[in-house]
Amino acid sequence: MAQPSTRPSTRPLDIAYSPCPNDTFVFDALAHGRVPDAPELAVTFADIDLTNGMAERGEFDVLKVSYAVLPWVLEEYALLPCGGALGRGCGPLVLTKQQGKAADLAGRRVAVPSERSTAYLLFRLWAAAEVPGGVGEIVVLPFHEIMPAVQDGRVDAGLVIHEARFTYQDYGLVCLADMGEHWERTTGLPIPLGAIIAKRSLGERTLSELAAAIRTSVRMAWDDPEASRPYVLEHAQEMDPKVADQHIGLYVNEFTADLGENGYAAVRGLLTRAAAEGLVPPLGRDALKFV
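This is a predicted model, so every value here is computed, not measured.

Enquirer: How should the overall build of the protein be read in this particular structure?
Expert: Per the secondary structure count, the protein includes twelve helices and eleven strands. The 291 residues of the protein split such that 54% are buried. Relative to all contacts within the protein whose residues are 6 or more apart in sequence, the contacts with residues 24 or more apart total 81%. Surface accessibility of the protein: about 12700 Å² in total, with carbon and sulfur atoms responsible for 48%. Computed over 26 positive and 38 negative side-chain charges, the inter-centroid distance for the protein is 5 Å.

Pasting the structure below:
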């Protein structure tokens, strides 16, 4: 249950999200004051491994985080029913230098971007089912260092997300397994990746206004994609514009506008399975309930 608002009405909402094209596309209209009657935002850019930590420390009003971090933060934050990233055919990949099979990873060294990421949960659930005896050492590396580490042989495999789906061949790597394909095949549900959360202390009115504003921002981006393009490319400077467009097309979809029944089922399914494996704390019955 949301608490009465403790935010002064004149203070902008402090929000942190990634510079990835899907986030800048979604939030462009809202961040630039083009959504009528919307709460004002003060934006900080941070990669999702950093925003996960920010959420655990309660540092921002609104954050884009991994669904995997929800069990640790849902007492203080509410999951918004929009703005996040779920989908089909968009899961993390396990990359290696040579083609092989899942069993080849038994006892091997694997680089991951975070142990509190949705990608890592999906990887661990896949490995539990597909890698006899389990993988060996897990090495946490910044996202941009993972593919070079696999290429150089510093690790045996790497778990990658986002635009790496479109660029891993440039490093001479191959896809050993698609975590999203495994998830969809075994559950029939979309892949839950990134969530938008906001402090419950903002109060029901502000939370509802924020959710409505994010939905409007998404629809405005869809209606006029060129309006968001400068913002997207400004913060994706090292990304080919065509890759940025592919990124948006993959991660911004109907679940971004509204989680809906299937979206919530995917989130509950992921966190319930992960809790059964001892990877996250169990969720309370109403933990995912919005205001």
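Following the structure, the description resumes.
Enquirer: I'm lost on helix α12 (residues 260-276) in this one. Help?
Expert: Residues that lie three or four places apart on an α-helix share one face, since the helix turns once every 3.6 residues. The terminal C-alpha atoms of α12 lie 24 Å apart, and with 17 residues this matches the ideal 24 Å at 1.5 Å per residue to within 8%. Positive phi shows up at Gly278, right after α12, with a value of about 75°.

Enquirer: Looking at this structure, how should I read the pairing of strand β1 (residues 13-17)?
Expert: For a regular strand, side chains alternate in direction, first toward one face of the sheet and then toward the other. Within β1, four of the five residues are buried, which leaves it mostly tucked inside the rest of the structure. Note: β1 against strand β2 (residues 41-45), five bridges, orientation parallel. Within the sheet, the bridge partner assigned to Ile15 lies in β2 and is Val43. The parallel pair β1 and β2, bridged by helix α1 (residues 21-31), forms a crossover whose chirality is right-handed.

Enquirer: What is the right way to read the sheet that holds strand β9 (residues 157-160) from this model?
Expert: Working definition: the strands of a sheet are paired by backbone hydrogen bonds and lie parallel or antiparallel to each other. Pairing within the open sheet is mixed, and its five strands lie in the order β8-β7-β9-β6-β10. Sheet topology places β8 (138-140) and β10 (174-178) at the edges, where each strand pairs with a single neighbour. This sheet shows a mean twist of 30° between the axes of neighbouring strands, independent of strand direction. Note: strand β7 (residues 110-112) against β8, three bridges, orientation parallel. Pairing of Val110 across the sheet is with Ile138, part of β8.

Enquirer: What is the right way to look at the layout of surface pockets in this model?
Expert: Looking at the largest pocket, its volume works out to about 1100 Å³. As for the largest pocket, its lining consists of 38 residues, and the residues nearest its centre are Cys20, Asp47, Phe143, His144 and Glu163. At the level of elements, α1, α2 (48-57), β3 (62-66), α4 (118-130), α5 (143-152), β11 (191-199) and α10 (241-251) are the ones that each hand at least two residues to the lining of the largest pocket. Tallying contributions element by element places α5 first for the lining of the largest pocket, with four residues. If you add up the space inside the second largest pocket, you get close to 230 Å³. When its residues are assigned to classes, the lining of the second largest pocket shows four nonpolar, five polar and five charged.

Enquirer: Explain the nonpolar core here, please?
Expert: Looking at soluble globular proteins, one finds that nonpolar side chains tend to be buried together. Formed by 92 residues in total, the largest nonpolar core has its most connected members in Leu70, Trp126 and Ile214. Take this core: its biggest share by element is eight residues, from α4. Contacts of Trp126, omitting those with residues within four sequence positions, involve Val94, Ala102, Leu105, Val131, Ala177, Met179 and His182. Of all hydrophobic cores here, the second largest spans 14 residues; its members include Leu95, Ala111, Val155 and Leu173.

About the cut-offs
- Residues numbered from 1 in each chain as written.
- Predicted model: local features only at pLDDT ≥ 70, side-chain atom pairs only at ≥ 80, totals over all residues.
- Heavy atoms only, no water.
- Helix = DSSP H or I, 4+ residues; strand = E, 2+ residues; numbered from the N terminus.
- Buried < 20%, exposed > 50% of the residue type's maximum accessible area, 1.4 Å probe, protein only.
- Contact = heavy atoms within 4.5 Å.
- Areas by Shrake-Rupley, 256 points an atom, 1.4 Å probe, with all protein chains shown as cover.
- Lys, Arg positive; Asp, Glu negative; His and termini not counted.
- Charge placed at Lys NZ, Arg CZ, Asp CG, Glu CD.
- Expected span 1.5 Å × (residues − 1).
- Pairing = 2+ DSSP bridges.
- Right-handed = clockwise from strand over helix to strand, strands pointing away.
- Axes fitted to C-alpha atoms, helices over the stretch in contact; angles between N-to-C directions.
- 1 Å grid on protein atoms, 1.4 Å probe; cavity = no way out; pocket = protein on both sides within 12 Å on 5 of 7 lines; lining within 4 Å.
- Points joined across faces, edges and corners; volume = space filled by probe spheres on them.
- Nonpolar A, V, L, I, M, F, W, Y, C, P; charged D, E, K, R; others polar.
- Core = buried A, V, L, I, M, F, W, Y, C linked by side-chain atoms within 4.5 Å.

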